[in-house]
Amino acid sequence: MAPLHTCQTHPRAAFNRLHFLLYSSAIAALFYRHIAGFSASAAPSSLLLLLADAIFAIFWIFCQGLRWLPLRRREFPSRLPQVTGGQGLPALDVFICTADPFKEPPASVASTALSVMAYDYPADRLSVYVSDDGGSELTLFAFMEAAKFARHWLPFCREKGVMVRSPEAYFESNGGGEAEKMKAMFEDFREKVESAVNKGHVDLSMIDSPEEKAMFAKWKGFARRDHPSVVKVLCESNKDKDIAGHPLPNLIYMSREKRPSSPHHFKAGALNSLIRVSEVMTNAPVFLILDCDMYSNDPNTVQRALCYLLDPDLAPNFAYVQFPQKYRGINTDDIYGGENRRLFLTSPRGFDGQHGCNFFGTGGFFSRRSLYGPPATAPPPSDCESKAGVLLRSEHVLQKAHDAASCKFEHVKEWGSKIGFRYGSLVEDYYTGYILRCEGWQAVFCNPDRPAFLGDAPKTLHESLSQAKRWVVGFYEVGFSRYSPLFYGIKKTTLLAALCNLHHSFWGLPGIGLIVYGLLPQLFLFYDKPLFPKASDPWFFLYAYLFVAAYAHDFIEYIEFGGSFWKWWNDQRMFLIRGATAYAFGTLEFVLNRIGVSAPGFNVTSKSQEEEENKLYDNGMFAFGKSTPFFISLGTIATVNLISLIYGLTKAARTAGAADEMFLQLLLCGFVAANSWPVYKAMFVRKDGGRIPRNVTNTSILLACTFFYAGKVII
Ligand SMILES: O=c1ccn([C@@H]2O[C@H](COP(=O)(O)OP(=O)(O)O[C@H]3O[C@H](CO)[C@@H](O)[C@H](O)[C@H]3O)[C@@H](O)[C@H]2O)c(=O)[nH]1
Ligand SMILES: [Mn+2]
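Predicted model only: the values in this text are computed from it and were never measured.

Caption draft 1: Just the UniProt feature "binding site: Mn(2+)" (unreviewed entry) in the protein, in detail. Summarizing the sequence annotation, UniProt attributes the feature "binding site: Mn(2+)" (unreviewed entry) to Lys267 and Asp291 in the numbering used throughout. Maximum C-alpha separation among the annotated residues is 9.8 Å over a sequence range of 25 residues, consistent with a single clustered spot. One can find Lys267 in helix α9 (residues 266-281). A residue is classified by how much of its surface remains accessible, and Lys267, at 13% relative accessible area, is buried. Those residues in contact with Lys267, other than ones at most four positions away along the chain, are Cys97, Asp291, Gly361 and Glu428. Tracing the backbone through its elements, the reader meets Asp291 in strand β7 (residues 286-291). Judged by its relative accessible area of 22%, Asp291 falls in the partly exposed class.

Given below as structure tokens:
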């Protein structure tokens, strides 16, 4: 039998290992120098630098897990009939999560659902479930309208061979001719939904049928965090047909029960409800998880995923296929590093070579069995056979579905601890994928040339940093849990796999090192105290090598997926910016959560922007605008570096030998200042709404001056 998929070691593995050898020797030399310096004097500044270097070195060691054996895979969907034979394709349930109709426009969420309803897949085997954690009549209304629109949209896609089957994305660049009628219909749908969203509620006059009116009348009294479960079957494959007479896939709306007394566990809780509800309704052996903004960009993706899920050799232990997160609408130079290539493209390939790819919350096709315990005790495949032919709208089935979405079902069978998506981390995706792999399940990374899904990346700096901060907290929650990769992970997997997991769990750790390097050498420069070897000292070359080699390696890794020098520059800048903000504040927040001062919260990323923010983003300009602690931190560090740089350069111009002695400190200040260019502009030059607010600028300057004044103590 010809293989359904193949796998190769990435050619860069050898290069990575060579780099490892050279670079680790350089790190050893650096620590030798630290220790030798220590025996001479142990000033607080040397201790701080040692701490920063130790953090970078530890983090670098974690990275090696990801670089040791990156894999490249290929799939051959045309060979699927070899394994499916006469039986045809398995049933598929798709789970889409949404949580807030104002941050996640319901018309866009519905477009995501339509894009998967229109998969090139037998409609009688396809079910789309949407979970609405916002418990909003607006979302339900959007989906009721979407169900009607689907009757026209699905045949249109089929007949025209459309590839991008999210109507919202399709009509951004298509129209005219025959598509014009369809486009008008979509605009109609969108306007209807948007007008309801703008009003904040659904007018009964917008609804035609008496049954729908009755449903909405019932909905009115519900509060977002205190309501019973709601399950509505909007399309039923057995009964509902599109305008060409083809059956439609099932479309089911649900909003799980929420009570103030029951913790709801954010997205993990939503996913577990989806698993339970779908189990009583359709019980497909395979399900796909999607964030509400991640629409399908290729109607044949399921077949590609099945190349792994149906491989008889893999099947007994196989958990999931992960497709990368890719984005649309990223600006030319990707100013906020929104593509996150390291997290979503480079690292997963490295994970894949070490005990399996990580899961990142969207674009993952799962074998249902894998969420029910380790491979040895998981239910046999025969328990996960689809319930074709069940009448979804029957009283009996609906009652069971409502029960499955209720709070009390959470406690039956240890959901969130032994089965289902695991609770206790804001990155439920990463946490669950990690636990599954520790239990012995397999997972692969699948990165086809044509992106399988496309989503929205945050388009303001604040949004992007808040998202990163949530991840930092979530990752620490895994790193410091009883399942920490440091103990549990090493025991259950291998050392290299544990390194990969440590890299993610302590993603925010470099923040501490970055802050030390962003402030300490600058303070010393200001007081004319050298901290590093002179430019004429042979040790200088060690520092130069450590910096240049790390950056060059990063550049080579980044550029592999295309893109320009500037994209890479912005990406490394975001690493520094996150260091001063998301990593630092995330670390602090995690500590505060742990000592009980605050509680973790999932702040949903907004998928809709103000017009001005959009314009700034499209023009490649940073949008600050808000008064937030993030920007005070950024402003302070940028100001400290500017002051030190000006002072240092003046001094170097006037005093013989100062440039040689302070060369590395000057270079570092210059590097931070070059990276802070947009911050200076936003503080001192810009007048538009995206500039840094006056009060933030003033506070930053005040803090920078206080820092120089108070910093004298440790000099
Ligand atoms: O209580 C909640 C909170 C969020 N969501 C949904 O979860 C998804 C992801 O939320 P988003 O605000 O877009 O977070 P991101 O940071 O963009 O998402 C990344 O990080 C999350 C973990 O922090 C993962 O769950 C996501 O899959 C991953 O794409 C969205 O569809 C939300 O509607 C819920 O269903 N319930
Ligand atoms: Mn998102």
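More follows now that the structure is in view.
Caption draft 2: Structural view of the packing of aromatic side chains. For the structure shown, the criterion picks out 66 aromatic pairs. Where Tyr23 meets Trp60, the ring centres are 5.3 Å apart and the plane angle is 35°; that geometry is what we call tilted. Of the two residues, Tyr23 is situated in helix α1 (residues 12-40) and Trp60 in helix α2 (residues 44-68); the sequence distance between them amounts to 37 residues. Judged by relative accessible area, Tyr23 falls into the buried class, the value being 7%. Between Phe62 and Phe506, the ring centres sit 6.4 Å apart and the planes meet at 35°, which makes this aromatic pair tilted. Within this pair, whereas Phe62 is found in helix α2, its partner Phe506 is found in the loop between α16 (495-505) and α17 (510-526), the two being separated by 444 residues in sequence. For Phe62, a relative accessible area of 11% puts it in the buried group. What makes Phe506 buried here is its relative accessible area of 10%. One aromatic cluster is present, formed by Phe344, Phe360, Tyr430, Tyr434, Trp471, Phe475, Trp507, Phe575 and Tyr583 through successive ring pairs. Here the basic side chain of Arg79 rests over the ring of Phe76, its NZ or CZ set 4.2 Å away from the ring centre.

Thresholds, definitions, all that
Residues numbered from 1 in each chain as written. Chains lettered and ligands numbered in written order. Predicted model: local features only at pLDDT ≥ 70, side-chain atom pairs only at ≥ 80, totals over all residues. Heavy atoms only, no water. UniProt positions renumbered as here; feature names shortened; annotations may be inferred. Helix = DSSP H or I, 4+ residues; strand = E, 2+ residues; numbered from the N terminus. Buried < 20%, exposed > 50% of the residue type's maximum accessible area, 1.4 Å probe, protein only. Contact = heavy atoms within 4.5 Å. Phe/Tyr/Trp six-rings, centres within 6.5 Å; stacked < 30°, edge-to-face > 60°. Lys NZ or Arg CZ within 6 Å of the ring centre and 35° of its normal.

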